[in-house]
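Geometric and topological summary
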Amino acid sequence: MSEPLLYRVEDGLARITLNRPQRLNAFNAELAHAWADATAAAVGDSAVGAILIEGEGRAFCAGGDVIDMATGMGGHEEIERLAQVIHSGITSLTTSSVPVVAAAHGTTAGGGLGILLASDYAVVGSDSRFGSLYANVGLTPDLSVSAQLAAAVGQRRALQLLLTDRMLSAAEAIEWGIAAEAVGEGDAEAVAAAVRTRAEEVARFWLAGAFGAYGQAKRLIRSRPERTFPEQLDEEARTIAAAFGGSEAQGLIAAFAQRSSGR
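Residues numbered from 1 in each chain as written. Predicted model: local features only at pLDDT ≥ 70, side-chain atom pairs only at ≥ 80, totals over all residues. Heavy atoms only, no water.

Re helix H1 (residues 29-43)
In this model, H1 (15 residues) spans 22 Å end to end at C-alpha, consistent with the 21 Å of a helix rising 1.5 Å per residue. Burial in H1 covers these residues: Ala29, Leu31, Ala32, Trp35, Ala36, Ala38, Thr39 and Ala42. Residues of H1 that are buried sit in contact with strand E1 (5-10), strand E2 (13-18), strand E3 (50-55), helix H3 (76-94) and helix H4 (112-117). (Helix = DSSP H or I, 4+ residues; strand = E, 2+ residues; numbered from the N terminus. Expected span 1.5 Å × (residues − 1). Buried < 20%, exposed > 50% of the residue type's maximum accessible area, 1.4 Å probe, protein only. Contact = heavy atoms within 4.5 Å.)

In structure tokens form, the structure reads like this:
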């Protein structure tokens, strides 16, 4: 049996690969726990400056494994417990100060939308499709979909997606705000390769620059709902002051001043 999730860190980039291609990377108990462990490891590692999430096979993530629900799970108590395990991983990513990019080729459906929305920048395939499909099997949104979808696309559009079996195209996902860009052409394998390549380019861009500043900008945006407007301004002031006092900003500010002065 192959591992349900692959995790590795290289040159500051933590790569989380959902590895159940035979089930479109749908979550079962093993993947749920591996996901929680990997996300906690990534955000807790001071050597990690960016995180990339991808899926093996022909899809990014189909949410929960419905076949496993029908044949292998012990009941609704286990469903709730496993959802909470996966949610802990989503919380790790969204509350961290590490920027996250998703390489979402193929289909993203159900709870896979929540995994996608846990990223801060989503690269998708030109042939990718996105949908809810929860009600097709009598289920309700989980994996942060009800928490994040409306924030990303607006309440009315979130309802349009959740209350129908509509599948968005890549162009629609970008227009709605679910994805940042779509890449790739040719067959599905070529598109998936292009998606992974572009997502890694995004992560390497962060790592080559002021990744600490990118991470704090992500944290400020993600954590905004927790604060009032005046509190958010105070947090901005505190954060920029802390950044200014750090070596990353000091070096870049000095270099900018030198270039501007022509010396």
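Examining the packing of aromatic side chains
Applying the stated rule across the entire model yields two aromatic pairs. Look at Phe27 and Trp35: their rings are 6.0 Å apart centre to centre, the planes differ by 90°, and that puts the pair in the edge-to-face class. Neither residue differs from the other here; Phe27 and Trp35 are each classed as buried. (Phe/Tyr/Trp six-rings, centres within 6.5 Å; stacked < 30°, edge-to-face > 60°.)

Some thoughts on unusual backbone geometry
For Leu24, which is not glycine, the phi dihedral falls at a positive 55°. One can find Leu24 in the loop between E2 and H1. Of note, the phi angle at Asn25 is positive, near 60°, even though the residue is not glycine. Checked against the element boundaries, Asn25 lands in the loop between E2 and H1. For Asn25, a relative accessible area of 0% puts it in the buried group.

A short note on the sheet that holds strand E8 (residues 167-169)
Spatial ordering of the open sheet is given by E5-E7-E8, a layout of three strands whose pairing is mixed. Taken across any chain shown, the strands that pair with only one partner, and hence form the sheet edges, are strand E5 (107-109) and E8. Across the sheet, the mean angle separating the axes of adjacent strands is 20° when strand polarity is ignored. Where E5 meets strand E7 (residues 129-131), three bridges bridge the pair, whose relative direction is parallel. Considered in E7, the bridge of Thr108 is made with Phe130. (Pairing = 2+ DSSP bridges. Axes fitted to C-alpha atoms, helices over the stretch in contact; angles between N-to-C directions.)

Digging into the pattern of salt bridges
For the coordinates displayed, the defined rule picks out 15 salt bridges. Between Glu201 and Arg198 there is a salt bridge; the shortest N-O distance is 3.3 Å. Taken together, the residues span about one helical turn, with Glu201 and Arg198 both in helix H8 (residues 188-208) at a distance of three residues. Its relative accessible area of 43% is what places Glu201 among the partly exposed residues. (Salt bridge = Lys/Arg side-chain N within 4 Å of Asp/Glu carboxyl O.)

Describing the sheet that holds E3
Sheet architecture is open: six strands sit in the order E1-E2-E3-E4-E6-E9, paired in mixed fashion. Both outer strands of the open sheet, E1 and strand E9 (181-183), are each paired with one neighbouring strand and no more. Between one strand axis and the next, the sheet turns through 20° on average, direction left out of account. With six bridges joining them, E1 and E2 adopt antiparallel strand pairing.

Considerations on helix H9 (residues 211-223)
Taking 1.5 Å as the rise per residue, H9 with 13 residues should run 18 Å; its terminal C-alpha atoms sit 18 Å apart, in good agreement. All of the buried residues along H9 are Gly215, Lys218, Arg219, Leu220 and Ser223. On its buried face, H9 is in contact with H3, strand E4 (100-104) and helix H10 (229-244).

Examining the pairing of E2
Here is the key point about a regular strand: its side chains alternate between the two faces of the sheet. Among the six residues in E2, six count as buried, and that is most of the element. Of the two faces of E2, the one lined by Leu13, Arg15 and Thr17 and the one lined by Ala14, Ile16 and Leu18 are each fully buried. Where E2 lies against E3, six bridges are found, and the strand directions are parallel. The residue bridging Arg15 from the neighbouring strand is Leu52, located in E3. Regarding topology, H1 serves as the crossover connection from E2 to the parallel E3, and that connection is right-handed. (Right-handed = clockwise from strand over helix to strand, strands pointing away.)

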